[in-house]
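Single-letter residue listing:
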There are 2 protein chains.
Amino acid sequence: MTLPQIDHTHDAALKSWVPSADNHPEFPIQNLPFGVFSPQARAARIGVAIGDYVVDLAALRDILPEAASEALVQPNLNALFALPAQDRRALRLRLSELLSDDTLSGAVVPALYPQAEVTLHLPARIGDYTDFYVGIHHATNVGKLFRPDNPLLPNYKYVPIGYHGRASSVRPSGEPVVRPRGQRKAPDADAPVFEPSARLDYELELGIWVAQGNALGTTIPIGQASEHIAGISLLNDWSARDVQAWEYQPLGPFLAKNFHTTVSPWVVTTEALAPYRIAQPPRPEGDPAPLPYLLDVQDQAQGALSLTLSVWFSSAKMREEGRAPLRLSEGPASNMYWTLAQIVAHHASNGCNLNPGDLLGSGTISGPTPESYGSLLEITEGGKRPFTLPTGETRSFLQNGDEISITASAHAPGRASIGFGECRAVILATPA
Amino acid sequence: MTLPQIDHTHDAALKSWVPSADNHPEFPIQNLPFGVFSPQARAARIGVAIGDYVVDLAALRDILPEAASEALVQPNLNALFALPAQDRRALRLRLSELLSDDTLSGAVVPALYPQAEVTLHLPARIGDYTDFYVGIHHATNVGKLFRPDNPLLPNYKYVPIGYHGRASSVRPSGEPVVRPRGQRKAPDADAPVFEPSARLDYELELGIWVAQGNALGTTIPIGQASEHIAGISLLNDWSARDVQAWEYQPLGPFLAKNFHTTVSPWVVTTEALAPYRIAQPPRPEGDPAPLPYLLDVQDQAQGALSLTLSVWFSSAKMREEGRAPLRLSEGPASNMYWTLAQIVAHHASNGCNLNPGDLLGSGTISGPTPESYGSLLEITEGGKRPFTLPTGETRSFLQNGDEISITASAHAPGRASIGFGECRAVILATPA
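Residues numbered from 1 in each chain as written. Chains lettered and ligands numbered in written order. Predicted model: local features only at pLDDT ≥ 70, side-chain atom pairs only at ≥ 80, totals over all residues. Heavy atoms only, no water.

**Regarding the environment of A:S362**
Residues and elements named next belong to chain A. Rule in force here: Per the convention used, a helix needs a DSSP run of H or I reaching at least four residues, while a strand needs a run of E reaching at least two, with both numbered from the N terminus. Partly exposed describes any residue whose relative accessible area lies between the buried limit of under 20% and the exposed limit of over 50%, with all areas from a 1.4 Å probe on protein chains only and scaled to the type maximum.
Mapping S362 onto the fold places it in the loop between β22 (359-361) and α10 (376-379). Among the residues examined, S362 registers a relative accessible area of 0% and is labelled buried. When the C-alpha positions of S362 and V134 are compared, they lie 6.1 Å apart, and in sequence the two are 228 residues distant.

Take a look at the structure:
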């Protein structure tokens, strides 16, 4: 396993001359996530977030490493993701230098835009989107609701379970979600009805962006898998639970999921995450070891991430009354039964070709207790236990006007914390 | 429902000046399927098949309708598929004229290439690939093997069951299939092994190419769905049955299917298929009527297609001995429980956005009897009843060197038959 190394770009003492960057809760100079943005009405271009600003990398390409030059003038990050890992690292090193050394600020300042004045887009043209199911507490909780006698199926501890999702309906943070219609059948009804979903839910996930891919018929060995990960974003896999329950057998979720998926627009790179790597939690006594094609000593020792994930809720009425969002849950990303590298190695283990810019969802990340559950399905026990909002309203599932925002931060002793930006969207009513 | 009309381009008496075209079993002038080809080592371009030739449409764009001009110089059919249906129809009318009127042949002859001398590519850049499950006999046969007590689930007759597949691994006819490795667990084993699949299979399907799409959050009403279908190809959804059995619960097939999907490279257009439309077979007594969003009187009356589908098999030894391929099955496409229009309308019914060039598989099309089963899983009853080849070899599932080819023809009284070309691939051994 060749994991990115911790270097001086991660030093907590490193400062930036960019106003607002130092001690920024999400985008200090130690982060430097990539994204795609438009200044006002102008064309989409590649940028890097620093403090409250974004740097236009195309404008700086003459002072950035030549190996990245061609990739930096594209309208998405696919070509940048396709670069060899050492070229992506060289770009990070140079950006860190340009944004910390104030004698170099003259060349960079004209390329700085306030984030508040730009539009953020999807970071990549997503060829294929795959969603996994590696949050073991979520799998257990949901399994209990769908299959009370059989929550965790026999394959779960051997197979990083995943399925293909819809690439076309992945949208950046901020785009509203239209409540879908769908078939749903009440347990005591003779036949289904086709109506707007009455059990609309969110799912807290991480999104993995694929870096270099593999050719069809070849694999990505577990020892090389982390080099094939460009970085991660936050992901909300919106789900219509009533549609899902009726349609999902035998081929899996389809229209219950593919109406909209939200991702945070900044890609926090594998390189930026180097200091926040931790050991994969040991498997419970009695669980099988991963099969050899999924087992790597370094991945087990450093393949998990020290991230705190939070979900925030506000109703339209809460916003009207000026109330702060309600935190629905908070928990660590280490509640994943498989590492990111295992997800990637498994996906390519049959020769399936991954491409730069492909997006892989982790699956819902829940903790073992309700304070860390990653979906309303779990929090309200399938709607049986509604909760009360500060306005006196109650919720079992999402209502029109409700807004969900996912945030995250990476922590390590003696290190600056870094964040991911927002993965946010509001629910709109189904059109007539 | 606005189905394409039968016009003079379909007349059985219409002749072409192109040698080999008249009475051609697949590509007479009544067909005119679109595809993408490279003459020798030159760049990919759009063509139309006629007899044993392909016409370079980019080379003819000055004498083709201006509305299609921009689309005709692309390296794939996506922009052509995105044109309004009347523009695609105008292009067909003009091509029929150019290829039948020998006074116009002078301008066309320089753009003709023998098909034997060109390379055929995927017809479109596939944004998303979805696979359905509308072959009711297949669903019943397979259901019996996976769930003996419960072959056809309660949702089957209400929901056109589908799931997302892998776009990146769809390949044109002729590209070999590498046998995938995967996890499989014998019923009496304690744990799975990770080995080359021992139960590799094919699936006989139709592939639907999406024409104009819909915006996210909007739908495609059943009455307009046929206008969103550019045409169809033949599709082989290669399947690793041992991997599928172990991995598919609860989220559906994943690595068992996404290692390779083969499509025939010619897109037989909705316009070309107009004369071969037939009534959707009436549902068996007691089956529910489709819900209103899937029900259209004209679609029920003319939404099915009179196609005969055939699957051909040859082993390496059969080819060495100069033996003809063995026909494994033959049956009509009318063994589909849902029409193509119902598939499209359902897919977009929740606001999921379809895009031009998206590919939708029908699901395996089997008939009620073994002569028309569309997979080895059904023909050999899950491997329990191997069959014998003319060489004396036997088969339960596919061996390395085996080749599967799917062909089809459309028939109607008093009309020329038209074909689809080949959907063919050979199985290669798993690399060491």
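And the narrative resumes.
**What about the pattern of salt bridges?**
What counts here: Salt bridges are defined by distance alone: a side-chain nitrogen of Lys or Arg within 4 Å of a carboxyl oxygen of Asp or Glu.
Under the counting rule described, the total for this entry stands at 42 salt bridges over all chains. The salt bridge involving A:E203 is made with A:K257; its shortest N-O contact spans 2.9 Å. Within this pair, whereas A:E203 is found in the loop between β12 (200-201) and β13 (204-210), its partner A:K257 is found in the loop between α6 (241-247) and β16 (261-263), the two being separated by 54 residues in sequence. A salt bridge links B:R184 to B:D242, with the shortest nitrogen-to-oxygen separation between them at 3.4 Å. In this pair, B:R184 is assigned in strand β10 (residues 181-184) and B:D242 in helix α6 (residues 241-247), connecting sequence segments 58 residues apart. The class for B:D242 is buried, based on a relative accessible area of 8%. Through salt bridges with shared partners, one network takes in A:D201, A:E203, A:D237, A:R241 and A:K257.

**Points about the packing of aromatic side chains**
Stated precisely, the cut-off is as follows: Only Phe, Tyr and Trp rings take part, Trp by its six-membered ring, and two of them pair if their centres are within 6.5 Å. Stacked means planes under 30 degrees apart, edge-to-face means over 60, and tilted covers everything else.
By the definition in use, this model includes 20 aromatic pairs over all chains. Ring geometry for A:F132 and B:F254: centres 5.6 Å apart, planes at 90 degrees, overall edge-to-face. Of this pair, A:F132 sits in strand β6 (residues 129-132) while B:F254 sits in the loop between α6 and β16 (261-263), placing the two residues on different chains. With respect to burial, A:F132 and B:F254 carry one shared label: buried. With a centroid separation of 5.9 Å and an interplanar angle of 55 degrees, the aromatic rings of A:W246 and B:Y158 are classed as tilted. Note that A:W246 is positioned in helix α6 and B:Y158 in the loop between α5 (136-146) and β7 (162-164), a pairing that runs across two chains. With a relative accessible area of 10%, A:W246 lands in the buried category.

**Brief notes about the sheet that holds strand β2 (residues 45-50) of chain A**
All names here are of chain A. Our working definition: Whether two strands pair depends on DSSP finding at least two bridges between them. Throughout, an axis means a line fitted to C-alpha atoms (over the contacting stretch in the case of helices), and angles, computed between N-to-C directions, take values from 0 to 180 degrees.
Pairing is antiparallel in the open sheet, where five strands are placed in the order β4-β3-β2-β1-β5. Where the open sheet ends on each side, the last strands, each with one partner, are β4 (112-114) and β5 (118-120). Taking each pair of neighbouring strands and ignoring which way they run, the sheet shows an average axis angle of 45 degrees. Looking at chain direction, strand β1 (residues 34-39) and β2 are connected through four bridges and run antiparallel. Along β2, the bridge assignment pairs G35 with G47.

**What about the confidence of the model for chain A?**
Stated precisely, the cut-off is as follows: Within a predicted model, pLDDT stands for the predictor's per-residue confidence, ranging from 0 to 100.
Averaged over every residue, the pLDDT of chain A is 96; residues scoring 70 or more account for 100%. For this predicted complex, the interface confidence score (ipTM) comes to 0.97, while the overall pTM stands at 0.97.

**Some words on the relation of the copies chain A and chain B**
Counted only if it meets this: Alignment of the copies relies on least squares applied to C-alpha atoms, considering only residues that score at least 70 for pLDDT in both. In what follows, a contact means two residues having at least one pair of non-hydrogen atoms within 4.5 Å.
With an RMSD of 0.0 Å, the fit of chain A onto chain B corresponds to turning through 180 degrees and sliding 0.0 Å along the axis. When the rotation and shift are considered jointly, the pair of chain copies conforms to a two-fold rotation axis. Measuring from the rotation axis to each C-alpha of chain A, the shortest distance belongs to A:G252, at 2.2 Å. Interface overlap between copies is the fraction of interface residues in one copy that are interface residues in the other; for chain A against chain B it reaches 100%, indicating a shared surface.

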